[in-house]
Amino acid sequence: MSDTQTLIENRPPSVASLFLERVAQTPDAEAYRYPVPSSTGQGPDVWKSLTWGDAAERVYAIAAGLIDLGIRPEERVALASATRVEWILADLGVMCAGAATTTVYPSTNAEESAFILADSESKALIAENAEQLAKARERRADLPELHHVIVLDAEGIEEGAEGDPEGWVLTLADLEKRGAAYLEKHPEAVKERVAEITADKLATLIYTSGTTGRPKGVRLPHDNWSYMAKAIAATGLVTKDDVQYLWLPLAHVFGKVLTSGQIEVGHVTAVDGRIDKIIVNLPVVQPTYMAAVPRIFEKVYNGVAAKAREAGGAKYKIFQWAAGVAREYAKVTQDNFRRTGTASAPFALTAKHKVADALVYKKLRDAFGGRLRAAVSGSVALAPEIGYFFSGAGIHILEGYGLTESSAASFVNPGEAYRTGTVGKPLPGTEVRIADDGEILLRGPGIMEGYHGLPEKTAEVLEADGWFHTGDIGELSADGYLRITDRKKDLFKTSGGKYIAPTEIEGQFKAVCPFVSNIVVLGADRNYCSALIALDEAAIQSWAADNGLSGKSYAEVVGSPQVEKLIQGYVERLNEGLQRWQTVKKFRLLPRDLDVEHGELTPSLKMKRPVVERTYQHLIDEMYAGAREA
């Protein structure tokens, strides 16, 4: 048996056990960094640290506090908060109490929050602030099982407020004091709860944000996370000397799995979920690795291109030249590595790359903190041309793949041997096969137990022998690299009988057009493809300022003939690289970008196609008005 197999097969029953082991091994090592406002309220945040020992003290207090509140093993404790260090401590506290965390996005509205709390039968809710508490209070009559709300930020929470006559609400500080007092009387209580956890016990209930219909609760037992922790460590991609910058939503499985890997490896994680602080934080944190969704890389690329354009014709030409060199260099070096094991390039290309590095790439790397060894991208596909750009610029984006139902990390690109446009190889211990219709099937210790309270839905995707139907279409290379081509349900057939993979076309458009934010390709049962296109506000407004549209609103800019003509040019460039039946014959620019607030994107920024199509049905009808359907 290999060392990797031994590492994975001899895993402990839970991440709670792993956490206790980590604390015992390195109690004084730095575990987490987190920002706090400066004492004056002016100037930059101050970053503070917790050692593993510091973290354990708080985690044990939270766990003991929950035990004292009467929370029993496998009972659910919901967690509705943005990404912050207290989220991680609370989640570990729930697991160390033997209970299970129900994750809730802070952006979820009161109605859907109430559905999740009721469906999961959560006994307690850990709410970030007054806003999250208000949602629970609004629907309290629908939540008879919810006995306690623990609030992280006490500001705006009046003690003994009307509507809380039974002391329903307490602060996290109150809970920790209660837990500390409980531990004085029962010092082994938390360790005893952890020792009782078996691998099959429920650890986490994550409700899929659902691109259609009500969210389903995905049951992830403790063994899923223990396996993920060991499998991530076994890839060798992360070391104890790394500094991770964690901003992803921890309510999402992608963010959550990163916390398990960190506990096993023991490196530092800097935690701050404020998206508007990413650009400010990166030079301060100086991470060696981070994970992100493709939209972040797209925004960075569009932002860099917009700045170069603003700087004038010569600088923009330099940027365009450097971007071309980066892509060529990435493709050549990746291809050579695949063939020879060395990421080499011809002398002339290397010389051009060195010049472009001094002029463009180094500034880009500095913006990421200057020490970024690799970035992991997941959730949705990254446009390959954007991936090649960053690769050539020295920011190595390792695309990965997984679902909530597979505990997030099923595939990841293997370090130096990564291949842009693929999601890499399966994690050690995960099996994959491609069904006759092209669907990707997975089996292994990361696969969910099933959907909460929905045995029929579980049976639709999970076979008796453990194979899980992902709903994604893909191809495996001879040496085991997976390429995702589309969602099975997103594939459509034109009235001419041709199958279209819309995400492939959408990805290609994002690579050729620096102004696009979101694009939806349409054409099911129609005789040609069309598209709804939303533009990146910062990028298009920058262009507008230089092209006689200064001072106009976003809606006015995108509605102008000049912008229509600009985007038409990029659509024509897109079509040059497509088969005739794939080409986009008509498009409409949307008056605003797609967003979470209007229900068009999930909190993890996946597009809800049915919602977009319903919202903009009038524009779709316009594009097909009078079209002869063959």
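(A) Structural context of helix H14 (residues 347-367). For H14, which comprises 21 residues, the first-to-last C-alpha distance of 28 Å matches the rise-based estimate of 30 Å (1.5 Å per residue) to within 8%. Considering bend angle alone, the principal kink of H14 is centred on Asp357 and spans about 60°. Restricting attention to buried positions, one finds in H14 the residues Leu349, His353, Ala356, Asp357, Val360, Tyr361 and Leu364. Residues of H14 that are buried sit in contact with helix H12 (294-310), helix H13 (313-340) and helix H15 (384-392). Where H14 ends, the next residue or the one after it, Gly369, has phi of about 105°, a positive value.

(B) View of the sheet that holds strand S9 (residues 217-221). Pairing in this open sheet of eight strands is mixed, and the strands run S7-S6-S5-S3-S4-S8-S9-S19 from one edge to the other. Two strands lie at the open edges of the sheet, namely strand S7 (169-171) and strand S19 (450-451), each paired on one side alone. Relative to S7, strand S6 (residues 148-151) is paired through three bridges, and the arrangement is parallel. Bridging across to S7, Val151 finds its partner in Thr171. Packed on one face of the sheet, helix H7 (residues 172-185) meets S6 and S7 and runs near 80° to S7.

(C) Quick peek at unusual backbone geometry. Positive phi is not limited to glycine here, since Ala408 has a value of about 85°. Positive phi, normally seen in glycine, also occurs at Asp525, with a value near 60°. With respect to the helices and strands, the residue Asp525 is situated in the loop between strand S24 (516-522) and strand S25 (529-535). When its relative accessible area of 61% is taken as the criterion, Asp525 is described as exposed.

(D) Spatial organisation of the side chain of Gln262. By the secondary structure assignment, Gln262 is in helix H10 (residues 253-265). In this structure, Gln262 is in contact with Ala31, Tyr32, Trp52, Gln244, His267, Val268 and Thr269, ignoring residues within four places of it in sequence.

(E) Seen up close, the packing of aromatic side chains. Evaluation of the coordinates by the stated rule reveals twelve aromatic pairs. Ring centres of Tyr301 and Phe389 lie 5.0 Å apart, and the angle between their planes is 75°; this geometry places the pair in the edge-to-face category. Of the two residues, Tyr301 sits in helix H12 while Phe389 sits in helix H15, which places them 88 residues apart along the sequence. Taken as a pair, Tyr301 and Phe389 share a single burial class, namely buried. Members of the aromatic cluster, joined through ring pairs, are Phe297, Tyr301, Phe319, Phe368, Phe389 and Phe390. Positioned above the aromatic ring of Trp168, the side-chain terminus of Arg140 is 4.0 Å from the ring centre.

(F) Quick peek at a nonpolar patch on the surface. A cluster of nonpolar residues, Ile318, Trp321, Val355 and Leu359, forms a patch on the protein surface that exposes about 320 Å² of accessible area. Among the secondary structure elements, those contributing two or more residues to the nonpolar patch are H13 and H14. Mapping Val355 onto the fold places it in helix H14.

Thresholds applied
Residues numbered from 1 in each chain as written. Predicted model: local features only at pLDDT ≥ 70, side-chain atom pairs only at ≥ 80, totals over all residues. Heavy atoms only, no water. Helix = DSSP H or I, 4+ residues; strand = E, 2+ residues; numbered from the N terminus. Expected span 1.5 Å × (residues − 1). Bend = angle between axes of the 7 residues up to and from the residue. Buried < 20%, exposed > 50% of the residue type's maximum accessible area, 1.4 Å probe, protein only. Contact = heavy atoms within 4.5 Å. Pairing = 2+ DSSP bridges. Axes fitted to C-alpha atoms, helices over the stretch in contact; angles between N-to-C directions. Phe/Tyr/Trp six-rings, centres within 6.5 Å; stacked < 30°, edge-to-face > 60°. Lys NZ or Arg CZ within 6 Å of the ring centre and 35° of its normal. Patch = residues over 30% accessible without salt bridge, like charges linked within 9 Å, V, L, I, M, F, W, Y side chains within 5 Å. Areas by Shrake-Rupley, 256 points an atom, 1.4 Å probe, with all protein chains shown as cover. Salt bridge = Lys/Arg side-chain N within 4 Å of Asp/Glu carboxyl O.

Note that all results are geometric; they support no functional claim without further evidence.
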